[in-house]
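Tertiary structure, described
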Amino acid sequence: MADMIVQSPDEVVAFLKAQHNLIEDMFDEVLHATDPEAREKPFATLRQLLAVHETAEEMVVHPRVRREADAGDAIVDARLNEEHEAKELLSSIEKLDITSQEFIDEVAKLRQAVLDHAHQEESEEFPILQREVDDADLKRMGAAVRAAQAIAPTHPHPGVESAKLNFALGPFASMLDRARDLIGQALGS
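Within each chain, residue numbers correspond to sequence positions counted from 1 in written order. Local features in a predicted model are, by the rule used here, given only for residues with pLDDT of at least 70; side-chain atom pairs are given and counted only at 80 or more, and totals for whole chains, interfaces and linings are based on all residues. To obtain the side-chain values, all non-hydrogen atoms of the structure were used and water was disregarded.

Where an unreviewed UniProt entry is consulted, the chain appears under the name Hemerythrin HHE cation binding domain protein, with the organism given as Mycobacterium parascrofulaceum ATCC BAA-614.

Rendered as structure tokens:
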């Protein structure tokens, strides 16, 4: 029997698009859970993926788009504003009762904002990278995104939307987030 190993793409644009699809599926899993308590684990996984995904884009993708396109600053500034708003919403959702209708309503609102944001990245930023950056560099960027995700915070941190702030504050925030996650798991919360 052939090995059934699914590998994620090496190239940064394909990798991030695959994550966008996964994020959409994870939102659906949270929103369509039949048992409200069954939302907890998928939501924690979704929250972590959103946090590490955005951090990696802020550290690797956005700075490159700024350098590669004349309109790069305006494009990236708009994405950073969207990311800030999504982080604020996600932070407020973390405080809600996961069994409440308010939680569902706010997650649905976040889902739409995140999917709109992903569409903007895919239609504005990714074509710039594919046009201006050679294949070898796109693969190096893919490796850099994976490395950034491995050390990124696992909770949203509104106000930390630049590469400089992520490099300066990210490792400390990541350590605290990962400790918080482990303690929460040990306590069953």
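1. Remarks on the packing of helix 1 (residues 12-31) against helix 2 (residues 40-68)
Axes here refer to lines fitted to C-alpha atoms; in helices the fit is confined to the stretch in contact. Angles between the N-to-C directions go from 0 to 180 degrees. Helix and strand labels come from DSSP, where a helix needs a run of H or I of at least four residues and a strand needs a run of E of at least two; each type is numbered from the N terminus. Where helix 1 contacts helix 2, the two axes come as close as 10 Å, and the packing angle between them is 155°. Comparing their axes, helix 2 and helix 1 come out roughly antiparallel. In this structure, helix 1 meets helix 2 at a crossing whose hand is left-handed. Within the contact between the two elements, helix 1 uses Val12, Leu16, Gln19, His20, Leu22, Ile23, Met26, Phe27, Glu29 and Val30 and helix 2 uses Pro42, Phe43, Thr45, Leu46, Leu49, Leu50, His53, Glu57 and Val61. Amino acid classes used here: Ala, Val, Leu, Ile, Met, Phe, Trp, Tyr, Cys and Pro are nonpolar; Asp, Glu, Lys and Arg are charged; the rest, including Gly, are polar. Taken together, the residues that form the contact of helix 1 with helix 2 break down as 13 nonpolar, four polar and two charged. Here roughly perpendicular refers to angles of 65 to 115 degrees, roughly parallel to angles under 35, roughly antiparallel to angles over 145, and oblique to all remaining angles. Handedness of a helix crossing follows the sense of rotation of the near helix relative to the far helix, less than a right angle counterclockwise being left-handed and clockwise being right-handed. Contact between two residues is taken to exist if any of their heavy atoms lie within 4.5 Å; hydrogens are not considered.

2. Structural notes on the packing of aromatic side chains
Any pair of Phe, Tyr and Trp rings, taking the six-membered ring for Trp, is counted once the centres come within 6.5 Å. Such a pair is stacked with planes under 30 degrees apart, edge-to-face with planes over 60 apart, and tilted for the rest. What the rule picks out here adds up to one aromatic pair. Measuring from ring centre to ring centre gives 5.1 Å for Phe43 and Phe103, while their planes differ by 80°; the resulting arrangement is edge-to-face. Linking Phe43 in helix 2 with Phe103 in helix 4 (residues 101-132), this pair joins segments that are 60 residues apart in sequence. Each member of the pair, Phe43 as well as Phe103, carries the same accessibility label: buried. As a reminder, the over-ring test applies to NZ of lysine and CZ of arginine, requiring each to be within 6 Å of the ring centre and within 35 degrees of the ring normal. Note that Arg146 overlies the ring of Phe15, its terminal NZ or CZ placed 4.2 Å from the centroid. Only protein chains enter the area calculation, which uses a 1.4 Å probe; residues under 20% of their type maximum are buried, those over 50% are exposed, and those in between are partly exposed.

3. Some thoughts on the side chain of Glu83
With respect to the secondary-structure elements, Glu83 resides in helix 3 (residues 72-94). Counting rule for charge: Lys and Arg are taken as positive, Asp and Glu as negative, and neither His nor the chain ends is counted. Here a salt bridge means any side-chain nitrogen of Lys or Arg lying within 4 Å of a carboxyl oxygen belonging to Asp or Glu. One buried charged residue, Glu83, remains without a salt bridge, the closest side chain of opposite sign being Lys87 at 5.6 Å. Side chain to side chain, Glu83 and His62 meet in a polar contact 2.7 Å long. Polar contact is defined as a pair of N or O atoms within 3.5 Å, subject to the rule that within protein one atom must be able to donate a hydrogen and the other to accept it, and that residues adjacent in sequence are counted only when both atoms are side-chain atoms. At a separation of 3.2 Å, a polar atom in the side chain of Glu83 contacts the side chain of His117.

4. Points about the packing of helix 2 against helix 3
At their nearest, the axes of helix 2 and helix 3 sit 11 Å apart, and the two run at 165° to each other. As the angle between them shows, helix 2 and helix 3 are arranged roughly antiparallel. Crossing angle aside, the handedness with which helix 2 passes helix 3 is left-handed. Contacts between helix 2 and helix 3 involve Phe43, Arg47, Leu50, Glu54, Glu57, Glu58, His62, Val65 and Arg66 from the first element and Gly72, Asp73, Ile75, Val76, Asp77, Arg79, Leu80, Glu83, Lys87, Leu90, Ile93 and Glu94 from the second. Classifying every residue of the contact of helix 2 with helix 3 by side-chain character gives eight nonpolar, two polar and eleven charged.

5. A word on the pattern of salt bridges
Under the criterion given, the structure shown has 13 salt bridges. Of the charged contacts, one joins Lys109 and Glu106 as a salt bridge, the two residues approaching to 3.4 Å between their closest N and O atoms. Here Lys109 and its partner Glu106 are both found in helix 4, three residues apart, which amounts to about one turn of the helix. One network of salt bridges, in which partners are shared, links Arg64, Glu68, Asp137 and Arg140.

6. A short note on the side chain of Ser100
Mapped onto the elements of the fold, Ser100 is located in the loop between helix 3 and helix 4. For Ser100, the side chain forms a polar contact with the main-chain nitrogen of Phe103, separated by 3.0 Å.

7. Re helix 4
Take the number of residues in a helix, subtract one, and multiply by 1.5 Å to get its expected span. Taking 1.5 Å of rise per residue, the 32 residues of helix 4 would be expected to cover 46 Å, and the 45 Å separating its terminal C-alpha atoms lies within 8% of that figure. The largest bend along helix 4 reaches roughly 35° and is located at Glu122. Consider a residue and the seven residues that end there alongside the seven that start there; fitting an axis to each set, the bend is the angle between those axes.

8. Quick look at the confidence of the model for the chain
Low-pLDDT portions of the prediction should not be read for the details of their coordinates. Each residue carries a pLDDT value, the predictor's own confidence for that position, ranging from 0 to 100. Mean pLDDT over the chain works out to 83, with 77% of the residues at or above the 70 mark. When pLDDT is averaged over each helix and strand of the chain, the minimum, 49, is found for helix 6 (residues 163-187) and the maximum, 97, for helix 4. Overall, residues 1-7 carries pLDDT values under 50, and its contacts beyond four positions in sequence, including any with other chains, amount to zero contacts.

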